[in-house]
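Here is what each chain is made of, one letter per residue.
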Amino acid sequence: MSVIHKILGALILFFNWVFTPRTIKRDADAQAAIDEKIAGTILYQYKACPFCVKVRRSMKRNGLKLETRDAKRSEAARDELIAGGGKLKVPCLRAEEANEVRWIYDSSEIIEYLQKRITA
Ligand SMILES: N[C@@H](CCC(=O)N[C@@H](CS)C(=O)NCC(=O)O)C(=O)O
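Now for a look at the structure at hand.

Conventions used here
Residues numbered from 1 in each chain as written. Predicted model: local features only at pLDDT ≥ 70, side-chain atom pairs only at ≥ 80, totals over all residues. Heavy atoms only, no water. Axes fitted to C-alpha atoms, helices over the stretch in contact; angles between N-to-C directions. Helix = DSSP H or I, 4+ residues; strand = E, 2+ residues; numbered from the N terminus. Parallel < 35°, antiparallel > 145°, perpendicular 65-115°, else oblique. Left-handed = near helix turned anticlockwise from the far one by under 90°. Contact = heavy atoms within 4.5 Å. Phe/Tyr/Trp six-rings, centres within 6.5 Å; stacked < 30°, edge-to-face > 60°. Buried < 20%, exposed > 50% of the residue type's maximum accessible area, 1.4 Å probe, protein only. Lys NZ or Arg CZ within 6 Å of the ring centre and 35° of its normal. Near = heavy atom within 4 Å. Polar contact = N/O pair within 3.5 Å; in protein donor to acceptor, adjacent residues only side chain to side chain. Areas by Shrake-Rupley, 256 points an atom, 1.4 Å probe, with all protein chains shown as cover. Nonpolar A, V, L, I, M, F, W, Y, C, P; charged D, E, K, R; others polar.

**Quick word on the packing of helix 3 (residues 50-62) against helix 5 (residues 107-119)**
At a minimum axis separation of 9 Å, helix 3 and helix 5 run at an interaxial angle of 20°. By the angle between their axes, helix 3 is roughly parallel relative to helix 5. In this structure, helix 3 meets helix 5 at a crossing whose hand is right-handed. On helix 5, the residues touching F51, K54, V55, S58, M59 and N62 of helix 3 are S107, S108, I110, I111, L114, Q115 and I118.

Here is the structure:
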């Protein structure tokens, strides 16, 4: 990774930390219902990728505590992503519905999908 990429990554993480979004407040039952709706959903991501940060910020805003796997630091996660989704690109959401697995590769599509899933 080039020095410029490292600096940009650090800046992205810094500004993401400074401007951390507020999480919507729900009562315990409502939050449990949301947790249930997104159970089993996994986000493959890189820590400092701007598109991944965009998805994580949306998750934080909406109080979505889904599992994340780092496809840069974890070889196992990288292999799962390539084997399941077909390519090494992040963010990618692995979503299971009615025994059907979907691999969603675009940050805007992921955000839209999660929004629909929690309001369904
Ligand atoms: N349009 C995509 C762009 C995603 C993208 O370009 N991701 C980069 C990382 S920031 C990537 O995975 N590149 C391939 C690689 O790093 O191997 C989105 O909004 O999610």
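**Observations regarding the packing of aromatic side chains**
On inspection of all chains with the given rule, the structure shows four aromatic pairs. Arranged with centres 5.4 Å apart and planes meeting at 75°, the rings of F14 and F15 form a pair that is edge-to-face. By relative accessible area, F15 is classed as partly exposed at 45%. When the centroid spacing of 6.3 Å and the interplanar angle of 5° are considered together, the rings of F15 and F19 count as stacked. Looking at F19, the relative accessible area reads 52%, which means it is exposed. A cation over an aromatic ring shows up here: K87 above the ring of Y105, its NZ or CZ 4.7 Å from the ring centre.

**Side note on the site of the ligand**
Around the ligand, the neighbouring residues are Y46, C49, F51, L88, K89, V90, P91, Y105, D106 and S107. Backbone polar atom of L88 to an oxygen atom of the ligand: 3.5 Å apart, as the coordinates give it. With respect to the ligand, the side chain of S107 contributes an N or O atom lying 2.6 Å from an oxygen atom. Its free accessible area being 510 Å², the ligand has 66% of it covered by the protein chains. Its residues assigned to classes, the shell around the ligand shows seven nonpolar, one polar and two charged.

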